[in-house]
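Notes for the structure review
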Amino acid sequence: MKNVQVIEVENHLAKLAREPGGRTIEDALRAAEERIESVRDISVASLVEKADLMAAATAAARESGDPESFGAIYDLSNAIFGIASAFALNALAEAAFSLCDLTDHFRSGGEVNWPAIDVHVDGIRLLATLREKAGVQGAESIMEGLRRVRARVLPATT
Amino acid sequence: MSNTPINKRERVNLSAAEVLLACGDPEGLNIMAEMFHGFGVHTPRRCLTGAEGRKSVEERILNLIVVDSALADCEGYDFIHWLRRCGIEPNCHAPVILVTGHTKPSQIFRGRDAGASFVVRKPVAPLVMMQRIVWLLNDSRKFVTSPGYCGPDRRVKAVGPPAGVKGRRHDDLSAHVGAATTPNLAQDEIDALFNPKAVSL
């Protein structure tokens, strides 16, 4: 225990935040929501590009056969999940999250199932391109298929 | 803790706060920056890579650091691990919020053990982020530096060591309350604590 140091730390953030002025939390939240909404179009538009990059990364991973190459698919899928969930594109977020689960499983040594990856990549591209135009029923039918695939490949975690 | 209600009429002044935002995805970083602009932060520092983040830590005094688990050149966990051990004061002690996307329980523990003050899972709504910031404003945890861990005390609740155990730290107090060592207050003494009194200023 000789090498353990426990020290008090001044909370500089609290000191600044309690200075006079600023805004009420209510106003801050409203302003934050408005500003996030102002970048909705540009953010959502990037999803198609990310989905295309993911398709290319999938092709490269299949060619290389190296488990490490799943990292690129995982990262892009994770980024798509972040954007889609921020703008309540729920089906797309769920599909991307599901692909993260799969690629994480495969890169950790699970037996690789390429059709499961392909169907997820295709579903994500479709949902990213159609967005709201997919409609609730259309998105749900895509998701039903992906959920079944995921359950077959990762039965223990569903 | 995670669902702590906040008083929305309370004021927070983040205009002068130096906030570092790090995220490997440009659009994700943009969303984060817009949120903090909305909170009143004038110029949040944006970093896509851990290398840019390290440069910012070396160049300016930071009051809050928000890191995504995925940076363009490394993982957010590695950046936090470096930050806590870099020895650049006061930044190495700055509050850190780790934001994760696809999250497994092991990643939560990894973030905590890297030295994050908080781990927040996406989607991060402004209300959730503000709740965590308000919590951090009241955070009085001590900072632990040891060979195996560097960061805020991971014991969020200070309830003392288990009953009957002495505790390993000099300031550990037992949760067991012993017998009173001074006389109880009389009722009028208690009432006096609540009675408003005129004072001359």
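Structure's up top.
Residues numbered from 1 in each chain as written. Chains lettered and ligands numbered in written order. Predicted model: local features only at pLDDT ≥ 70, side-chain atom pairs only at ≥ 80, totals over all residues.

**Quick look at the overall build of chain B**
- Helix and strand counts for chain B stand at 6 helices and 8 strands.
- Across chain B, helices and strands are ordered from the amino to the carboxyl terminus as β-β-α-β-α-β-α-β-α-β-α-β-β-α.
- Per-residue burial for chain B yields a buried fraction of 40% across its 201 residues.
- For chain B, restricting intrachain contacts to residue pairs at least 6 apart in sequence, the fraction spanning at least 24 positions comes to 55%. (Helix = DSSP H or I, 4+ residues; strand = E, 2+ residues; numbered from the N terminus. Buried ≥ 20, exposed ≤ 12 C-beta atoms within 10 Å, placed from the backbone. Contact = placed C-beta atoms within 7 Å.)

**Remarks on the sheet that holds strand β7 (residues 143-145) of chain B**
- In space, the 3 strands of this open sheet follow the order β1(A)-β7(B)-β8(B), with antiparallel pairing throughout. Both edges of this open sheet fall to β1 (5-7) of chain A together with β8 (150-152) of chain B, since each of them pairs with a single strand only. The mean angle between the axes of side-by-side strands here comes to 15 degrees, regardless of whether they run parallel or antiparallel.
- Looking at chain direction, β1 of chain A and β7 of chain B are connected through 3 bridges and run antiparallel. Within the sheet, the bridge partner assigned to I7 of chain A lies in β7 of chain B and is F143 of chain B. (Pairing = 2+ DSSP bridges. Axes fitted to C-alpha atoms, helices over the stretch in contact; angles between N-to-C directions.)

**Overview of the interface of chain B and chain A**
- Between chain B and chain A, the contact holds 45 residues from the first and 42 residues from the second.
- Counting only elements with at least two residues in the side of chain B that touches chain A, the list comes to β1 (11-12), α1 (26-38), α5 (126-137) and β7 of chain B.
- At 8 residues, the largest contribution of residues to the side of chain B that touches chain A is made by α1 of chain B.
- For the side of chain B that touches chain A, the per-class residue count stands at 21 nonpolar, 13 polar and 11 charged. (Nonpolar A, V, L, I, M, F, W, Y, C, P; charged D, E, K, R; others polar.)

**A closer look at the packing of helix α6 (residues 114-130) of chain A against helix α7 (residues 135-153) of chain A**
Residues and elements named next belong to chain A.
- Where α6 contacts α7, the axes come no closer than 10 Å and their chain directions differ by 160 degrees. Considering their axes alone, α6 and α7 lie roughly antiparallel with respect to each other. Here α6 runs over α7; the crossing is left-handed. Taking contact as the criterion, the partners of A116, V119, H120, G123, L126 and L127 in α6 are, on α7, A139, I142, G145, L146, V149 and V153.
- Residue composition of the contact of α6 with α7, by class: 9 nonpolar, 3 polar and no charged. (Parallel < 35°, antiparallel > 145°, perpendicular 65-115°, else oblique. Left-handed = near helix turned anticlockwise from the far one by under 90°.)

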